[in-house]
Amino acid sequence: MKTLFKISCLALFLIIAGFSFISLMGAASAHAQVQIQTTLPNQSSSVTAGQAPGAFVNAFFVYALSIAGIIAFGIIIYGGVKYMISAGNPSGQGDAKEWIMAAIMGILLLAGAYLLLYVINPALVNLALPNLGSVGTGVATGGLPTSTTGAPGVTPTGTCPLAALPTLTDPGAIAMENGQTVVWNSSNPGVQANLTLLQAAVNQMQTMVSGQGGHMTINSVYRPLQYQALFYAIYQDATALKNTPADAQIAACSSLISQLQAEETKHGICTGSKPCLVAAPSGCSDHPRGMGVDISITPSSLYSSINSLLSKNNIPLTWAALGGDPVHFRLTDPASTACVTS
Amino acid sequence: MSHFINNLRRNAIVRFSLLFVVAGIFFAPLAASAAVTAPQIWPTGYWGTNPYLLSCSGNYPIGGANQGSTQDSYGRPYCSSLTDLLQTAVNIVYFIMTIALFVLAPILFVIGGIMMMLAAGSPEKISKANKTMIAAVVGVVIVLCAYLIVNTIVTTLNITGVAGFGGS
């Protein structure tokens, strides 16, 4: 009976461990990037999307140790109860003692495995991939071709194959084009209602973060769809130019290219060491709808408890920790959730 | 054969204890932060908090509906995260601990007392009643030690982040 119980305990543990692992690793979403669907309890090594898998395996190891700890804890309690109820029955009490000893030995063995590896080399318990330099995406560093003059005597004519940049009409987009980064106003009433709620929530959060001894910086709030579309158009033209540099020599392209160069100098996209990568504009994203805000917090350890702190203080913000955008906060209860078209 | 195993077991315990003393001296304390917390059982016992033994503190997974938020548009919490799995297990163990300490042990102690009253001077029955009462007290001590044992092992080895054990 005891053996049966032990076997079923083990089987249960393996099933739980196996299923959690499969649900974690197998949960590849429709995104190009595989995203881990949940974080692990020990926040000191919680793994977010885009991190190396080693850290995840490491966190899972500690998670499995947690399960072992809880099982050992439960079995010692079971031993105690068994000892109580088998009073006057020496074999029953001996059995209870064996249970307790087995639990202690079990946890010692499991923890001993960690200890042994740690003694040999602490790096063994910190799984990590060798660090490789990242490869720039899109246009290589150095930016756009600078010359619009072709080889001597060869100046291609014809229409310019590059798409013209859109003209900005939205006041928010024009403000951002003129150098403003944090915009709290929109001409769209639904977006404006969201932004008003968002500003109140961010102010509350500012007080809360200061109370925790931290500091926060608002990087970006409302990004009009037009502005994103402009960035995307610059990115697409820059990518096209990288693939067919000869286009830069077409006479009809010269005004567009000087326009692109001006934009590039102004915003610094696709220059220096920055990878040239701009997301396609979507009216259903958080920023154009006025319900998303990018906030960076120092010390970064505050991120791990930020969601529980926010809900404890009834602040309607949630840290979304999106892949590639780890500073993104979302308004929990926006006034308007409709996608915007301009 | 069993004698040999017993001997080995005893030696192993001595060795492990020494190992832990050494380990405790060598490892500098690291900050542990576990999202799973141990419920308070003293003085009233752990009878579960809303929604009782099941823990629902997780966020909806990234990439799905209601991603990143703690509840959906109907206000339903998310109870399927791995943190919740551990927290629920911890809650159940603490609930069993509460039953053992606050229900089983007092009842067994009272039963021992009644047995002693009904013994009517019979030495055999008195010793049986005595054993029942002693076992109840020893059982309580073991149950109370359960957390201590596991916690000591985890903290001495400095395994950070083991849910509900080892540091704050």
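Residues numbered from 1 in each chain as written. Chains lettered and ligands numbered in written order. Predicted model: local features only at pLDDT ≥ 70, side-chain atom pairs only at ≥ 80, totals over all residues.

**Comments concerning the sheet that holds strand 1 (residues 215–220) of chain A**
Residues and elements named next belong to chain A. On the basis of which strands lie adjacent, the open sheet formed by 4 strands has the order 1-2-4-3 and antiparallel pairing. The sheet is open, and its two borders are formed by strand 1 and strand 3 (317–319), each paired with just one other strand. Averaged over all pairs of adjacent strands, the angle between their axes in this sheet comes to 35°, without regard to strand direction. Two elements, strand 3 and strand 4 (residues 328–331), share 3 bridges in a ladder whose sense is antiparallel. Looking at strand 4, one finds that T318 is bridged to R330. Where helix 8 (residues 303–312) meets the sheet, its contacts fall on strand 2 (292–298) and strand 3, and the angle it forms with strand 3 comes to roughly 155°. (Pairing = 2+ DSSP bridges. Helix = DSSP H or I, 4+ residues; strand = E, 2+ residues; numbered from the N terminus. Axes fitted to C-alpha atoms, helices over the stretch in contact; angles between N-to-C directions. Contact = placed C-beta atoms within 7 Å.)

**Things to note about the confidence of the model for chain A**
Residue and element names in this part refer to chain A. On average, residues of chain A carry a pLDDT of 74, and 69% of them reach 70 or more. When mean pLDDT is compared element by element in chain A, helix 3 (residues 90–120) scores highest at 89, while helix 1 (residues 2–25) scores lowest at 61. The model gives residues 22–33 a pLDDT under 50, and that stretch makes 11 contacts with residues more than four places away or in other chains. Here residues 136–142 is a poorly scored stretch, pLDDT under 50, and it has 19 contacts once near neighbours within four places are set aside; other chains count. (pLDDT = per-residue confidence, 0-100.)

**Focus: the nonpolar core**
In this structure, A:A72, A:I76, A:I77, A:M84 and A:I107 are the most contacted members of the largest nonpolar core, which totals 56 residues. Sorting the residues of this core by element identifies helix 2 (53–85) and helix 3 of chain A together with helix 2 (82–118) and helix 3 (123–157) of chain B as the ones contributing at least two each. Looking at this core element by element, the count peaks at 19 residues for helix 2 of chain A. Setting aside anything within four residues of it in sequence, one finds A:I77 in contact with B:V93, B:I96, B:M97, B:A100, B:V143 and B:A146. (Core = buried A, V, L, I, M, F, W, Y, C linked by C-beta atoms within 7 Å. Buried ≥ 20, exposed ≤ 12 C-beta atoms within 10 Å, placed from the backbone.)

**So, helix 3 of chain B**
Its 35 residues place the ends of helix 3 of chain B 49 Å apart at the C-alpha level, agreeing with the 51 Å of an ideal helix rising 1.5 Å per residue. The largest bend in helix 3 of chain B comes to about 35°, at B:C145. (Expected span 1.5 Å × (residues − 1). Bend = angle between axes of the 7 residues up to and from the residue.)

**Topic: the packing of helix 2 of chain B against helix 3 of chain B**
All names here are of chain B. Between helix 2 and helix 3, the least distance of the axes is 8 Å, while the angle of their chain directions is 165°. In this view, helix 2 runs roughly antiparallel relative to helix 3, as classed from their interaxial angle. When you trace helix 2 past helix 3, the crossing you get is left-handed. Facing helix 2, whose interface residues are M97, A100, L101, A105, L108, F109, I111, G112, M115 and M116, helix 3 presents K125, I126, K128, A129, T132, M133, A136, G139, V140 and V143. Looking at the contact of helix 2 with helix 3 residue by residue, the classes come out as 15 nonpolar, 3 polar and 2 charged. (Parallel < 35°, antiparallel > 145°, perpendicular 65-115°, else oblique. Left-handed = near helix turned anticlockwise from the far one by under 90°. Nonpolar A, V, L, I, M, F, W, Y, C, P; charged D, E, K, R; others polar.)

**A look at the packing of helix 3 of chain A against helix 3 of chain B**
Where helix 3 of chain A contacts helix 3 of chain B, the two axes come as close as 10 Å, and the packing angle between them is 15°. Classified by the interaxial angle, the pair formed by helix 3 of chain A and helix 3 of chain B is roughly parallel. Every pair of crossing elements has a handedness; the one defined by helix 3 of chain A and helix 3 of chain B is right-handed. Between helix 3 of chain A, through A:I100, A:I104, A:I107, A:L108, A:A111, A:Y114 and A:L115, and helix 3 of chain B, the contact on the second element is made entirely by B:I142, B:I149, B:V150, B:I153, B:V154 and B:L157. Here the residues of the contact of helix 3 of chain A with helix 3 of chain B are counted per class, giving 13 nonpolar, no polar and no charged.

**Some points on the environment of A:S254**
Mapped onto the elements, A:S254 comes out in helix 7 (residues 254–267). Considering only alpha carbons, one finds A:S254 and A:C160, 94 residues apart in sequence, at a separation of 8.9 Å.

**Let's talk about unusual backbone geometry**
The omega torsion across B:W42 and B:P43 is 0°, close enough to zero to call that bond cis. With respect to the helices, strands and loops of the structure, B:P43 is situated in the loop between helix 1 (2–26) and helix 2. Residues other than glycine seldom take positive phi values, yet A:N314 does so here, at roughly 55°. Tracing the chain through its elements places A:N314 in the loop between helix 8 and strand 3. Taking the number of C-beta atoms within 10 Å as the measure of exposure, A:N314 has 8 and is therefore exposed. Even without being glycine, B:A120 reaches a positive phi, approximately 50°. Mapped onto the fold, B:A120 is located in the loop between helix 2 and helix 3.

**Overview of helix 8 of chain A**
Residues and elements named next belong to chain A. Restricting attention to buried positions, one finds in helix 8 the residues I306, N307 and L310. The buried side chains of helix 8 occupy one side of the element, clustering within an arc of 90° when seen end-on. Across from the buried face of helix 8, at angles greater than 90 degrees, the exposed residues are S308 and K312. In this structure, the buried residues of helix 8 make contact with helix 5 (189–211) and strand 3. Positive phi shows up at N314, right after helix 8, with a value of about 55°. (Arc of directions from axis to C-beta.)

**With respect to the pairing of strand 2 of chain A**
Residue and element names in this part refer to chain A. Both strand 1 and strand 2 contribute to a ladder of 5 bridges, which runs antiparallel. When the sheet's bridge partners are listed, T217 is paired in strand 2 with S296. Here strand 2 runs beside strand 4; their pairing, made up of 3 bridges, is antiparallel. Residue pairing for strand 4: D294 is matched across the bridge by H328.

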